[in-house]
Structures are given as C-alpha cells and as structure tokens.
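Below, each chain spelled out in residue letters.
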Amino acid sequence: QVPLKPGRSLMDWIRLTKSGKDLTGLKGRLIEVTEDELAKHNKKEDCWICIRGFVYNVTPYMEYHPGGEDELMKAAGTDGTDLFDQVHRWVNYESMLKECLVGRMSVKPIAAPKVSLFLHTLIFFQQTTEDETVLCMNTFIIKYVLICLKKVFIFSLLYFLFYSYDWFQTDSLITIVIYTKQKDMNAELVIVDCEDKRLRGEIIVDGYSYLVQVDLDHAVSEEVAVNIAEKVGKVEIILKKKDNIHWKMLGQPCEGHNTFIKRTDRGLFYRKCKLVSKTEVTHDTKLFCLMLPKATHLRVPTGHHVYLKQIITGTEAVKPYTPVLPFLPLDFQEPSDHDGVHIYLMIKIYSCGLFTQALDCLQIGDYISVSNPEGNFKKSQVQTSEDLILLAGGTGFTPMVKLLNFALAEVSCLRTVKLIFFNKTEDDILWRNQLEQLALKDERFEVQFILSQPAKDWVGKQGKISSSLLSEFVKRSRKDSKVLICICGPTPFTEQGVQYLKDLGYSQEEIHAFTA
Ligand code: FAD
Ligand code: NAP
C-alpha cells in the first residue's frame, strides 16, 4: 500500500463514480477494443487495462489506487488479468471500475488448426542443418514430452481418473458421492452450500478445484451433511428430501459443473452469514461471531483468510480477514478448533476506515457475505518443526491464534513455541491475559510483548522490529533444531522482518510471511 493524497480515499472514489462525470471519455458509449487499440493507451494520462476480457480506462482511478500508480502502470495497454489475479483477485473491480468501462476486447479470429506433431517434426527438420539436427532433436523431444506430460498427463489423469461424482437416493435422502482418490482428504478441503435448490460442492486440492454445481430436481431441507472417508478420499454430500418422492435426475448442471480447474480461475463464492455477537477485545478491536447458514459446510484452514463483502453507499467493498478461535484454549485434550457453525473474526475498527466503520455499524442479526477461504499456509510446515517462532504486529496476531492452538495441541515434535508480539501501546495488546495464562500453563510456550509507543511506566521491552531485537529473541532452542518463523503485521513490518531474518541467516524455507 502507498499513502494516498488527501481526498483520494475509497470513499472519495465512490463519490466521484456517482457524480455523473464521464470517466471514460466516451460519453457512456461502449466500444469493442482490439489489441492494437489497447496497446496505444499505455500512458498515465491515457491508460487502458484489460481484465477478463473487459477494458477499463483507469486514468481517473490512478490516484485512488491503494497500491500506487506504478503498480497500475505495469499493466498499462495490456491484458492485466494475470497480474491482477496475482496481487488481489478478490478485489471487486467490476463494481469499483464500472464507470471506467470502455468496452469488451474484440474476439480474436480462431487460430488455424494446430499442425500435428508429425508435421511439426517435418517442418522442424527441414529448417535445421544436419549438424544441428541431433542437438535440436533432443531439445525438441524434451519440449514435447514436457508439454505432453504437463498438459495431457497431469490434467487428464487428475480429472478423468481422480475426480468424478455419482449420486443415489433412498426414500428420504439424496447422496452425492465424489471420488477424489486423494489420500489425505479432510473436512477443510470440502466446501458445500445449498440454497434455493442450488447445490454447490467444491473440493480443493493442491491449488486445484473440482466443482459439482446443479439446480436440484426437487426441494431439499436446510440441513446438509458431509461424510469423508479420509483414507480413500471419498466425499459424500447428503441432502434430505423435502418430499419423499423418487427423483428422476439429480438436477440441471450449472456453470462450472463437473470441472477441475486451477483454484485461482474459480471465482470467489460468497454466502450470507448472520452476525450473532460482537464483543470488545480492546479499545478499538472487536470479536465478531458470524453464523454460517445451516446448509453450508465450511472449515477455514489454519493460517487462511476469508473475504467479507458489503455494499457501502451502493458500491461493493471487499476486505480480507483471518478467522480466529473464540478464545485461546488452555487445555489441549479436546480439539477445540471448530464447531462447524461459527466463524470468529477479530477486527480492528479504524476511525477513518471505510470497511471497518461499516462493519461496526452491523447490528446483531444482520447478514454479511463471507467468501470461501484462501491462503497458502500449510500445516505440514509446522509438523516437522522443533521450534516455532511467531512474530506478530497488531492484528497480524490473527493468523497466529489457530496456529498457536494447532502447534500446542497437535504437533508433538515441537519443543518451543514463542510469540513476539509488537504493538504501539499496552492497551493495544490483543488477548494479553489469555496469552500470559497460556504461558503459565504450558512450559513450551513463551510470549514477549514489545511496544513501539509505550507509556512511561512500561517496564517491558520497547522498540520497533529490528535486526537487533530479532537477534535477541529469535533463537533456535538447540544449535541444529528445525525452526519455522511465521510473521504477520503491517506490510512494511512483514517485509522488513523477513529481510532481517534473512540477514540473520534464516533460509526462505524457515520463514512464512502471511500476506493477502
Ligand atoms: P481503510 O479505509 O482501507 O483505511 C483507513 C485507514 O485505516 C488508513 O488510512 C490507515 O490509517 C488505516 N489502515 C487501513 N488499512 C490498514 C492496514 N492494512 N494497515 C494499517 N493501517 C491500515 N484486519 C483485522 O482487523 N483483522 C484481521 O483478521 C485481518 N486479516 C487480514 C488478512 C489479510 C490477508 C489481509 C491482507 C488483511 C487483513 N486485515 C485484517 C486488514 C483488513 O483487510 C483491512 O485492511 C482493515 O480492516 C482496514 O480496512 P478499512 O476499510 O476499515 O480501512
Ligand atoms: P499497528 O497497531 O499500526 O502496528 C502494530 C505494530 O507494528 C506497532 O508496534 C507498530 O509500530 C508496528 N509497525 C507499524 N508499521 C510499521 C512499519 N512500517 N515498520 C515497522 N513497524 C511498524 O497495526 P494494526 O493497525 O493492527 O495493523 C495490523 C496489520 O496487519 C494490518 O496492516 C493488516 O492488514 C495486517 N494483517 C495481515 C494479515 C495477513 O496478511 N494474513 C492478517 C491480519 C492482519 P509504530 O509505532 O511504528 O506504528
């Protein structure tokens, strides 16, 4: 994020888009844009970008872009979809940029049919001299083998052999069975929603997503059950018929049904969740408890976040938040992770924050849209560690909550777990009491609070994240112990922290930075 000039906040942008000003310069006309035309608009004062086939004039938006003008200019005059997806595919650009829409990209003429491999080979050898032939032949074969392996083998095999679904019925139940043949299938990899006869079941494995999405033939009751046979990777979605009649078919397939694609190519799915409680954590941070609909099966994995979506003065706004637990469990006998119904979010309300101010206005019983989870943290990163060190700045504490619980409850090889928690003042420390209790209860756990703007009577550590502070607190319990260091906080805090850790000799594999 870069600091924006005064008068350039999201709220100011929303106001500008509603002012009736012609932001495209086309007086409301939509045009068809060719690649050549798009490429001409590549300057700050005349900048068009294509996202998913739609072209936007982003010049008026430049000064309002939270990531800065230079980031936007990286895609000037080109198709910015990949860049956009890498940085923030969750941003609801359609709504934010709707007044900047220039038109659609013109459809390219269909490419000539691909010549066969054999024909390619012939042309290829005709073009090379005899000496080059052997060398080139090897490169050529390797290239084709790789292409075949990657595109045909991986996709076909995964899709056709590993993913398929079936369904059967009894008088009262409909069971949809998905055979993933994935050995470590678990409840976090299955997301099911059923609303108004539309069933959506998504299986997520290694960055890919398999979807079953149908408009059911008949009505079902609100409850949905999910059974997982972890060892064989069989997933059952069980629905209760509303009327005990025989179904002739499961239903009509909807968009994306029975497809296996990259997860990032699947749009984010939202369901409406009810706010059931809102409690104070500190002077500016609250714990929001949201209730999932009865017909939703969703477990947010440790270290992953969800997106909340609200309409703010007529424009959709989306922000990421990392679910926590309702409290820090002190007793690790029972897995306390999730009751399957509630999502807890610890959210700092910024006095001039557009999204958090609107969140704070939500009343108990109000609804808010919650997305599927995202994130790249894997529990296996912790499972082989002997020392776990968590560096958190402010609400960067949120991913550490489930992580801490998982580590202490389920990772037997961990010898030490240390949280180094950076805040401005004592009043900003989240769950201080609970953290201190946990440290007393569990000798593996230690917590260190560091304040950047302490009051005079603060006797603890003070300062900002720095090489010297880290070298004092980040240490292996034994010379050669396996360590994982997780870091989360304001972006510069995280970036600087990662750099200091590298300077101190920790490798990339030993560091995990939580980001969007
Ligand atoms: P804005 O209107 O965007 O900004 C208003 C003012 O608030 C700014 O001028 C600035 O002073 C301050 N501000 C806004 N955003 C930030 C920021 N990111 N860092 C520092 N100051 C800021 N927040 C939580 O409270 N709990 C979470 O669990 C959580 N999880 C997150 C997970 C991810 C992956 C990411 C990327 C962010 C997460 N955030 C979390 C931050 C959250 O997404 C929003 O950025 C934050 O709530 C501010 O939104 P806003 O619209 O109210 O503020
Ligand atoms: P904050 O109270 O403003 O700051 C917390 C601590 O970090 C303070 O000690 C502060 O010191 C320090 N800090 C702030 N900016 C710094 C910088 N540029 N360099 C070094 N230290 C810095 O924090 P917050 O308002 O709670 O914000 C928390 C952040 O965490 C947000 O940016 C949020 O987006 C992010 N977050 C990310 C994820 C994720 O990616 N998964 C999850 C949750 C939260 P100073 O006195 O210097 O300000």
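For the structure, check the block above.
Residues numbered from 1 in each chain as written. Chains lettered and ligands numbered in written order. Predicted model: local features only at pLDDT ≥ 70, side-chain atom pairs only at ≥ 80, totals over all residues. Heavy atoms only, no water.

**Student:** Help me understand the site of ligand 2 in this model?
**Tutor:** In the neighbourhood of ligand 2, 23 residues make up the surrounding shell, with Y350, K424, S452, Q453 and K464 lying closest. For ligand 2, an oxygen atom lies 3.2 Å from a polar atom in the backbone of N423. The separation between an oxygen atom of ligand 2 and a polar side-chain atom of K464 is 2.3 Å. When the free accessible area of ligand 2 is taken as 920 Å², the share hidden by the protein chains comes to 77%. (Near = heavy atom within 4 Å. Polar contact = N/O pair within 3.5 Å; in protein donor to acceptor, adjacent residues only side chain to side chain. Areas by Shrake-Rupley, 256 points an atom, 1.4 Å probe, with all protein chains shown as cover.)

**Student:** What is the right way to look at helix α1 (residues 10-17) in this model?
**Tutor:** Because an α-helix completes one turn every 3.6 residues, residues spaced three or four positions apart along the sequence face the same direction. Those residues of α1 that fall on the buried side of the exposure criterion are D12, W13, I14, L16 and T17. Contacts made by the buried residues of α1 are with α5 (93-96), β18 (306-312), β19 (315-321) and α8 (354-360). (Buried < 20%, exposed > 50% of the residue type's maximum accessible area, 1.4 Å probe, protein only. Helix = DSSP H or I, 4+ residues; strand = E, 2+ residues; numbered from the N terminus. Contact = heavy atoms within 4.5 Å.)

**Student:** Sorry if this is basic, but what is going on with the packing of aromatic side chains here?
**Tutor:** Any aromatic ring pair is given by two values, namely how distant the centres are and how the planes are angled relative to each other. The full count for this structure, using the stated rule, is 11 aromatic pairs. Taken together, a centroid distance of 4.9 Å and an interplanar angle of 75 degrees make the contact between F84 and Y93 edge-to-face. Classification of F84 by relative accessible area gives buried; the value is 11%. Considering the side-chain rings of F397 and F421, the 4.9 Å spacing of their centres and the 25 degrees angle between planes classify their relative orientation as stacked. Here F397 is found in the loop between β23 (387-393) and α10 (398-410), whereas its partner F421 is found in strand β24 (residues 416-423), with 24 residues between them in sequence. Of the two residues, F397 and F421, neither departs from the other in class, the shared state being buried. Ring pairs connect the aromatic residues F397, F421, W431 and F449, which therefore count as one cluster. The cationic tip of K309 hangs over the ring face of Y270; the distance from NZ or CZ to the ring centre is 4.1 Å. (Phe/Tyr/Trp six-rings, centres within 6.5 Å; stacked < 30°, edge-to-face > 60°. Lys NZ or Arg CZ within 6 Å of the ring centre and 35° of its normal.)

**Student:** Honestly, the pattern of salt bridges in this entry has me stumped. Any pointers?
**Tutor:** If the charged atoms of two oppositely charged side chains come close together, the side chains can form a pair. Applying the stated criterion to the full structure yields 22 salt bridges. As a salt-bridge pair, D215 and R198 come within 2.7 Å of each other at their nearest N and O atoms. Linking D215 in strand β10 (residues 208-216) with R198 in strand β9 (residues 198-205), this pair joins segments that are 17 residues apart in sequence. The class for D215 is partly exposed, based on a relative accessible area of 29%. The exposure class assigned to R198 is partly exposed, which follows from its relative accessible area of 37%. In this structure, D360 and K278 form a salt bridge, with 3.9 Å as the shortest nitrogen-oxygen distance. A residue pair is termed long-range when its members are at least 10 positions apart, and D360 in helix α8 and K278 in strand β15 (residues 270-280) qualify at 82 residues. Residue classification places K278 among the partly exposed residues on the basis of a relative accessible area of 26%. One network of salt bridges, in which partners are shared, links K5, R8 and E63. (Salt bridge = Lys/Arg side-chain N within 4 Å of Asp/Glu carboxyl O.)

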